[in-house]
Amino acid sequence: MMKTALTIAGSDSSGGAGIQADMKTMTANGVYAMSAITALTAQNTTGVMSIMEVSKEFLEQQLDSIFTDIYPDAVKIGMVPSPDLIRAIADKLEYYHAKNIVIDPVMIATSGSRLIREETINIMKDKLFPHGALLTPNLWEASVLSGITIRDEMDMVRAAELLSKEYGCAVLCKGGHSEKNANDLLYYDKKYRWFIGERIHNLNTHGTGCTLSSAIAAELAKGKDLEEAIQLAKEYVTGALEAMLDLGKGNGPLNHMWNIKQEDIL
Ligand SMILES: Nc1ncnc2c1ncn2[C@@H]1O[C@H](COP(=O)(O)OP(=O)(O)OP(=O)(O)O)[C@@H](O)[C@H]1O
Ligand SMILES: Cc1ncc(CO)c(N)n1
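About the thresholds
- Residues numbered from 1 in each chain as written.
- Chains lettered and ligands numbered in written order.
- Predicted model: local features only at pLDDT ≥ 70, side-chain atom pairs only at ≥ 80, totals over all residues.
- Heavy atoms only, no water.
- Pairing = 2+ DSSP bridges.
- Helix = DSSP H or I, 4+ residues; strand = E, 2+ residues; numbered from the N terminus.
- Contact = heavy atoms within 4.5 Å.
- Axes fitted to C-alpha atoms, helices over the stretch in contact; angles between N-to-C directions.
- Parallel < 35°, antiparallel > 145°, perpendicular 65-115°, else oblique.
- Left-handed = near helix turned anticlockwise from the far one by under 90°.
- Nonpolar A, V, L, I, M, F, W, Y, C, P; charged D, E, K, R; others polar.
- Expected span 1.5 Å × (residues − 1).
- Buried < 20%, exposed > 50% of the residue type's maximum accessible area, 1.4 Å probe, protein only.
- Polar contact = N/O pair within 3.5 Å; in protein donor to acceptor, adjacent residues only side chain to side chain.

J.: I'm lost on the sheet that holds strand E5 (residues 101-103) in this one. Help?
T.: The strands that make up a sheet are held in pairs by hydrogen bonds between backbone atoms, and each pair lies either parallel or antiparallel. Spatially, nine strands are ordered E3-E2-E1-E4-E5-E6-E7-E8-E9 in an open sheet, and the strand pairing comes out mixed. The open sheet is flanked by strand E3 (47-53) and strand E9 (191-195), the only strands paired with a single partner. As paired strands, strand E1 (residues 4-12) and strand E2 (residues 32-44) are joined by nine bridges and run parallel to one another. Note that in E2 the partner of aspartate 12 across the bridge is threonine 41. Packed on one face of the sheet, helix H2 (residues 56-67) meets E1, E2 and strand E4 (74-77) and runs near 155° to E2.

J.: Looking at this structure, how should I read the packing of H2 against helix H3 (residues 83-95)?
T.: Packed helix pairs are specified by the crossing angle of their axes together with the interaxial distance, meaning the distance between the axes. Between H2 and H3, the shortest axis-to-axis distance is 9 Å and the interhelical angle comes to 25°. Considered as vectors, H2 and H3 are oriented roughly parallel to each other. For the element pair H2 and H3, the recorded crossing hand is right-handed. Each of Lys56, Leu59, Glu60, Leu63, Asp64 and Phe67 in H2 lies in contact with H3, whose residues at this interface are Asp84, Leu85, Ala88, Ile89, Lys92 and Leu93. Classifying every residue of the contact of H2 with H3 gives seven nonpolar, no polar and five charged.

J.: I'm lost on helix H6 (residues 153-167) in this one. Help?
T.: The periodicity of an α-helix, 3.6 residues per turn, causes residues three or four places apart in sequence to face the same way. An ideal rise of 1.5 Å per residue puts 21 Å on 15 residues; H6 measures up with 21 Å between its terminal C-alpha atoms. All of the buried residues in H6 are Asp155, Met156, Val157, Ala159, Ala160, Leu163, Ser164 and Tyr167. On its buried face, H6 sits against helix H4 (120-128), helix H5 (139-146), strand E7 (170-173), strand E8 (184-188) and E9. Near the N-terminus of H6, the side chain that reaches the backbone nitrogen of methionine 154, with its oxygen 3.2 Å away, is that of aspartate 152. After H6 finishes, the residue glycine 168 shows a positive phi value of roughly 65°.

Have a look at this one:
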């Protein structure tokens, strides 16, 4: 039977990040994708024009509809704009015993626009992180969450270790914004492992974080263990960047279809 995955995230009208990136990624990686939308964004490759949050009740209804019918084998959580929505998600995840939860602590878009309210960060830490199997902060998010200024690779290890111990989950500190390379650091069970990535010279990186976390969720849904899921997801993101899609006037989207042969779908 086909495995299933759910993304709880915001919609990106330009299709490169958020719900749209997540569903394309899950589909391209062979799982059935479902979504619970936390907010609509009017957004493109140059920035976010406007955000409309859904109500707590409506998000709860989406989650009830999903979990009582097609149970997800993995869950990815992205942009959650408000404390109320965080609480609603945490309660439902607990109630339905959701598993394989990957949390991407989205705060700011690649274009620099703010996506969640400031007061959401503490609630996210207290209520959501303890449910996660994996947290996937980028360098900036890992600094904000851990209070450690990240200047080099040892700082990435320290920040990931602190977060992992604090919230009892695995932490992948993503190096997409580091200067030299694109190495990501996984810390869990008191040990760490690097996932090595060459820096690809492509300015079209809109949605890389969403894509990575959704690909990890897809692989976990298929039964891969954490390290294997991360390795496969990193290869998928690398391929999507290397495909050099060039759309839009700002930091454009990735080619989520790079791993699918046209003759397979025609
Ligand atoms: N230029 C690049 N070359 C190679 N890999 C990259 C590049 N940029 C990002 N990545 C990879 O993409 C994944 C996402 O990392 P990144 O640090 O960009 O996340 P993010 O900042 O959360 O993404 P977003 O821009 O969507 O918010 C990581 O595996 C990272 O190593
Ligand atoms: C809706 C949404 N979620 C996440 C990101 C992060 O890239 C974005 N730009 N938009």
